[in-house]
Structures are given as C-alpha cells and as structure tokens.
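The residues making up each chain are set out below.
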Amino acid sequence: MMEIGTLLYELIDNVAVVTINRPERMNTLGGTLKQDLATVFFDNIRNDNAARCVLLTGMGERAFCAGADIKERSASTLTMYEYHVQQRRTHDLFSGIENFEKPVIAALNGVALGGGLELALCCDMRIAAEHARLGLPEVKLGVIPAAGGTQRLARLIGMGKAKELIYTSRLIDAYEASQIGLVNQVSPAAKLRESAMALAQKIASQPPLAVRLAKDAINLGGQVDLESALQFERYAAAMLVESDDKAEGMRAFIEKRQPKFKGR
C-alpha cells in the first residue's frame with residue numbers, strides 16, 4: 001500500500017483501490033485532497049497498465065466524503081474572482097475523473113455529502129453501504145452545489161428530483177438513493193468492500209479497449225444529439241474491429257476458454 005498525501009493507494013488484481021484517508025475530518029475535501037486525487041488518477045493509475053478499474057472509497061465507516069471542510073471554508077478570504085478560478089480547477093479535476101479512461105466505482109462507506117456526493121457522481125457506478133446517507137445540503141448554508149452537482153445529479157436522476165433534493169437540502173438513505181437511480185447497489189456495511197471489489201474485478205477482466213470506448217460513447221451520448229452520438233458509436237466500433245483483444249475474445253469464445261486480454 002502506498003500513501004499519497006491524504007490518500008492510500010494499492011493495486012489488487014488489476015483494480016486500483018484509492019482510499020480517502022482523513023477519517024478525523026470525515027474525509028472532507030480539505031487539505032491537499034484535491035491535489036492528491038489528481039496525482040493518483042493522472043500520474044499513478046493512468047500510467048499503470050495493470051490497473052484496469054478504479055475503486056474509490058473512504059477510510060472508516062462514518063464517511064465516504066462529507067464534502068467541503070467547513071472549518072477551512074469559513075475561514076476563507078477568497079474574492080469572487082479567486083473563488084471562480086478555484087472552482088474551475090475543481091471542475092477540471094472532477095471532469096477528468098468522470099472521463100477517466102478506466103472505469104471508476106465509488107464505494108460509499110458512509111455519508112456522501114456536498115462535494116463528496118459530487119465526487120461520487122463523477123464515478124461510473126456507486127455502491128452504498130446500508131447506513132450511508134447522501135445529499136447536497138449546500139443551499140441551507142447559503143450557497144449552491146458548485147462542483148458539478150447541479151448538472152450531474154439532474155442528468156442522473158432527472159431534473160425534478162434533483163431540484164427537490166437541492167432546494168430542500170434533504171438527505172436520503174441508501175435505499176431511496178437506489179430507488180431513484182443514484183446508486184447501483186446497496187450492501188451491508190461489512191460486505192461493501194467485497195461487493196465493490198467483485199464488481200470492479202468483473203469489469204477489470206473485460207477487454208480494456210472495449211470498456212474504454214463504451215464509456216466514451218455513453219458519456220458523449222449524454223451531451224450531444226442522437227445522430228452525433230451514433231456517429232461516434234460507429235467510429236468506436238470500427239476502431240475495435242482490428243484489435244488483438246477482439247480477435248482473442250472471439251477465439252476464446254469458440255475454444256470455450258477464458259480470454260487473455262492485453263488492452264491492444
């Protein structure tokens with residue numbers, strides 16, 4: 001296991017496991033956490049060919065990430081312009097995670113609030129422990145979710161439900177989050193890591209190029225018109241036709257054996 005500032009990083013069976021390690025501060029987005037996330041994603045994991053899927057979670061059982069460190073935020077003397085610049089950096093980081101070339105699964109081991117939920121929304125999938133609570137409570141503090149929450153939540157669960165949760169600052173439990181499509185699975189806390197790893201390892205066993213291009217096509221499709229999305233889908237499919245992984249997948253199917261994908 002490697003310690004990268006406020007994060008712990010380890011590679012387990014082609015799964016890069018990243019743990020936010022600020023349990024004494026509810027794993028809030030303070031200190032060097034954002035810089036550390038950039039380092040681990042865009043330096044460590046991106047450059048490790050053995051890492052085929054990412055599992056992001058928090059240390060302890062109380063919090064995945066409780067959002068902004070309010071003590072730090074309340075002491076801030078940033079001007080409007082300085083805050084705008086700072087928030088642009090956060091948008092760039094979170095968009096980078098959302099469009100990261102390897103799938104990212106968030107294992108919500110506790111509360112995911114504010115910026116913590118916005119971070120989870122950047123992930124491809126979310127698995128929540130039964131006791132997890134989720135929400136964007138910024139409005140009751142006189143601000144708004146400004147790390148992509150007003151946009152990604154509406155795209156995921158629909159505009160009406162997103163407005164309800166944001167306007168009221170209401171927190172929801174894991175089961176309601178599952179019902180509205182905010183999380184993919186709910187797991188007993190004791191089995192959260194096991195459930196998340198099982199999903200991550202299943203994804204990691206798939207051909208990396210096909211997974212990457214499928215992710216690109218799905219993400220792009222949510223932002224453009226249907227014909228443009230279908231055009232990209234055609235190009236993506238064509239790019240895979242001559243890949244070694246496509247040939248290996250076909251051979252393994254015919255020979256009734258497990259394929260050995262190499263990501264090329």
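See the structure above.
Residues numbered from 1 in each chain as written. Predicted model: local features only at pLDDT ≥ 70, side-chain atom pairs only at ≥ 80, totals over all residues. Heavy atoms only, no water.

### Focus: the pattern of salt bridges
- Scanning the model with the defined rule gives twelve salt bridges in all.
- A salt bridge links Glu 101 to Arg 46, with the shortest nitrogen-to-oxygen separation between them at 2.7 Å. With Glu 101 in the loop between α3 (80–98) and β6 (104–108) and Arg 46 in the loop between α1 (33–45) and β4 (53–58), this pair connects stretches of sequence that are 55 residues apart.
- The exposure class assigned to Glu 101 is buried, which follows from its relative accessible area of 16%. (Salt bridge = Lys/Arg side-chain N within 4 Å of Asp/Glu carboxyl O. Helix = DSSP H or I, 4+ residues; strand = E, 2+ residues; numbered from the N terminus. Buried < 20%, exposed > 50% of the residue type's maximum accessible area, 1.4 Å probe, protein only.)

### What to know about α3
- Relative to the 27 Å expected for 19 residues at 1.5 Å per residue, α3 spans 26 Å between its end C-alpha atoms, a close match to the ideal helical length.
- Within the sequence span of α3, burial applies to Gln 87, Thr 90, Leu 93, Phe 94, Gly 96 and Ile 97.
- Turning to α3, the residues buried within the fold contact α1, β6, α4 (115–121), α5 (149–157) and α9 (208–221). (Expected span 1.5 Å × (residues − 1). Contact = heavy atoms within 4.5 Å.)

### Points about the nonpolar core
- Grouped together as the largest cluster of nonpolar side chains are 47 residues, with contacts concentrated most on Ile 45, Leu 56, Phe 64, Leu 108, Leu 134 and Leu 182.
- Take this core: its biggest share by element is five residues, from α1.
- Sequence-distant contacts of Leu 182, defined by excluding residues within four places in its chain, comprise Leu 117, Leu 121, Arg 126, Leu 134, Leu 153, Leu 156, Ile 157, Ile 172 and Ala 177.
- Grouped together as the second largest cluster of nonpolar side chains are 16 residues, Leu 55, Ile 105, Ile 127 and Met 197 included. (Core = buried A, V, L, I, M, F, W, Y, C linked by side-chain atoms within 4.5 Å.)

### Topic: the pairing of strand β8 (residues 125–129)
- Of all the five residues making up β8, five are buried; the element is thus mostly covered by neighbouring parts of the structure.
- Burial along β8 is two-sided: Met 125, Ile 127 and Ala 129 facing one way and Arg 126 and Ala 128 facing the other are all buried.
- Here β6 pairs with β8 via four bridges, running parallel. In the sheet register, Ile 105 faces β8, and the bridge partner there is Met 125. (Pairing = 2+ DSSP bridges.)

### Some thoughts on the side chain of Lys 215
- Examined against the element boundaries, Lys 215 turns out to sit in helix α9.
- A residue is classified by how much of its surface remains accessible, and Lys 215, at 7% relative accessible area, is buried.
- Within the structure, Lys 215 has its side chain in polar contact with the backbone oxygen of Lys 102 (distance 3.4 Å).
- When near neighbours in sequence (up to four residues on either side) are disregarded, Lys 215 contacts Ile 97, Glu 98, Asn 99, Phe 100, Lys 102, Pro 103, Val 104 and Asp 124. (Polar contact = N/O pair within 3.5 Å; in protein donor to acceptor, adjacent residues only side chain to side chain.)

### Re the sheet that holds strand β10 (residues 172–173)
- In space, the four strands of this open sheet follow the order β5-β7-β9-β10, with mixed pairing throughout. The strands lining the two open edges of the sheet, one partner per strand, are β5 (63–65) and β10.

### Some details on the environment of Val 104
- Tracing the chain through its elements places Val 104 in strand β6.
- Expressed as a C-alpha distance, the spacing of Val 104 and Gly 58, which sit 46 residues apart in the sequence, is 14 Å.

### Topic: the packing of α1 against α3
- Two elements in contact, α1 and α3, have axes separated by 11 Å at closest approach and are oriented at 35°. In this structure, α1 meets α3 at a crossing whose hand is left-handed. Taken together, the residues of α3 that come into contact with α1 (itself represented by Lys 34, Leu 37, Ala 38, Phe 41 and Phe 42) are Thr 90, Leu 93, Gly 96 and Ile 97. (Axes fitted to C-alpha atoms, helices over the stretch in contact; angles between N-to-C directions. Left-handed = near helix turned anticlockwise from the far one by under 90°.)

### A closer look at the sheet that holds β6
- Strand order in the open sheet made by the seven strands is β1-β2-β3-β4-β6-β8-β11, with mixed pairing throughout. The open sheet has two free edges, formed respectively by β1 (2–4) and β11 (185–187), since each of these has just one partner strand. Averaged over all adjacent pairs, the angle separating strand axes in this sheet is 25°, with direction ignored.
- Across six bridges, strand β2 (residues 7–12) lies against strand β3 (residues 15–20) in antiparallel orientation. When the sheet's bridge partners are listed, Leu 7 is paired in β3 with Ile 20.

### Here we look at the packing of aromatic side chains
- Tallied over the full model, the rule gives three aromatic pairs.
- Summarising the aromatic geometry, the rings of Phe 41 and Phe 42 are spaced 6.3 Å apart at their centres and angled 45° between planes, so their arrangement reads as tilted.
- Considering the side-chain rings of Phe 41 and Phe 100, the 5.2 Å spacing of their centres and the 85° angle between planes classify their relative orientation as edge-to-face. On the criterion of sequence distance, the pair formed by Phe 41 in helix α1 and Phe 100 in the loop between α3 and β6 is long-range, its members being 59 residues apart. When sorted by exposure, Phe 41 lands in the same class as Phe 100, which is buried.
- In this structure an aromatic cluster arises from ring pairing among Phe 41, Phe 42 and Phe 100. (Phe/Tyr/Trp six-rings, centres within 6.5 Å; stacked < 30°, edge-to-face > 60°.)

Don't take any of this as a statement about function, it's just geometry.
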